[in-house]
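Here is what each chain is made of, one letter per residue.
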Amino acid sequence: MLEPIRVVITGAAGQIAYSLLYQLAKGDVFGQDQPMYLNLLDIPVMMGVLDGVVMEMLDCALPLIRGVLPTADPEAAFKDVDAAFLVGAMPRKEGMERKDLLAANVKIFKVQGEALDKFAKKTVKVLVVGNPANTNALICSKYAPSIPKENFTAMTRLDQNRAQAQIAARLNTGVENVRNVVIWGNHSSTQYPDARFTLIKKGSDEIKLLDTLTDNAWLQDQFITTVQKRGASVIAARKMSSAMSAAKAACDHMKDWWQGTAEGTWVSMGVISDGSYGAPANVIFSFPVTCSNKTWHIVTGLELNDFGKGKLEQTGQELSEEREEALHVCQD
């Protein structure tokens, strides 16, 4: 058995965390031989609810859990953590635009960045789930200057999973037979779900999606808009934002970052942009990446067509605008 790690989950009394915690605790993310201490952070008014969550965690009698700390104190929550799931944020409600979330949420992530800077390990791996996730991750990183920028990521894995499921349904195959779907840009309605490099497993063979699905109109229209607007569709149906699927995606994201991606397989992660593929630099931009040794690497050499270049320009422009607006809010 390995030495225990410390993992913090913010917004720990909320719906996403409730689905996330069990997956973490039973070893789905860090491995079946990785014990852990869980630090659960939420606001003071939620401490009663959080006590109930802790009771349930203990009642699960999971052997990997060495201790559970419920707290409203950022110092206690972030002290010496190895991994951070930043879930807590004002939730998006029906009819609310992402920009409406910016002013409320970037200040939360400024404070959490400062706490990470002071108390977390410098090797901490940070996944931002709370929206607007890309820009929240950027702000969090800005206010944690002693931690490498590469250690801050935003979740676009939910979009990847949605895209993968849409393609699988279209082809009447299992999602496990679909790989290398790409999400470019922002976790917003400007994101570009790109299936041009997707591979489909058929028996013992693997073929390009474009060789088996010739409906290019669907790929450039309905497929893209369905993935882009899926979050809003869930809110319209549930009257609440995605929770179960978001928790699953957060686990997928951190598992691949921590344990590595399979050979020849890419995943989509919001990471600090170096300007690859014409994306604006110094924003958190979703790229296809591979992971090894707890480090992500942007997949290089993919050829974008004019349609794709236009989509990347659009989502990059939104991220640049969000960055400027968020920095302005933080200075107020």
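See the structure shown above.
Quick summary incoming for the structure in this document.

Here we come to the side chain of Arg 323. For Arg 323, the position within the fold is in helix α12 (residues 306-331). If near-sequence neighbours (up to four positions away) are discounted, Arg 323 is found in contact with Thr 135, Leu 138, Ala 281, Asn 282 and Val 283.

The next thing to look at is empty space enclosed by the protein. Enumeration over the complete set of coordinates arrives at one cavity of 30 Å³ or more. Taken as a whole, the largest cavity encloses approximately 100 Å³ of empty space. If you trace the largest cavity, you find 13 residues lining it, with Tyr 192, Asp 194, Arg 196, Leu 219 and Gln 220 closest to the centre.

Attention now moves to the side chain of Asn 151. Tracing the backbone through its elements, the reader meets Asn 151 in the loop between α5 (133-142) and β6 (152-154). A polar side-chain atom of Asn 151 sits 3.0 Å from the main-chain carbonyl oxygen of Val 124.

With that settled, consider the packing of helix α1 (residues 15-25) against helix α2 (residues 47-59). With their axes 11 Å apart at the nearest point, α1 and α2 run at an angle of 30° to one another. Viewed along their axes, α1 and α2 adopt a mutual orientation that is roughly parallel. The two elements α1 and α2 meet at a crossing, and its hand is right-handed. Of the residues in α2, those touching α1 at Tyr 18, Leu 21 and Ala 25 are Val 53, Glu 56 and Met 57. Looking at side-chain class alone, the contact of α1 with α2 contains five nonpolar, no polar and one charged residues.

Parameters and conventions
Residues numbered from 1 in each chain as written. Predicted model: local features only at pLDDT ≥ 70, side-chain atom pairs only at ≥ 80, totals over all residues. Heavy atoms only, no water. Helix = DSSP H or I, 4+ residues; strand = E, 2+ residues; numbered from the N terminus. Contact = heavy atoms within 4.5 Å. 1 Å grid on protein atoms, 1.4 Å probe; cavity = no way out; pocket = protein on both sides within 12 Å on 5 of 7 lines; lining within 4 Å. Points joined across faces, edges and corners; volume = space filled by probe spheres on them. Polar contact = N/O pair within 3.5 Å; in protein donor to acceptor, adjacent residues only side chain to side chain. Axes fitted to C-alpha atoms, helices over the stretch in contact; angles between N-to-C directions. Parallel < 35°, antiparallel > 145°, perpendicular 65-115°, else oblique. Left-handed = near helix turned anticlockwise from the far one by under 90°. Nonpolar A, V, L, I, M, F, W, Y, C, P; charged D, E, K, R; others polar.

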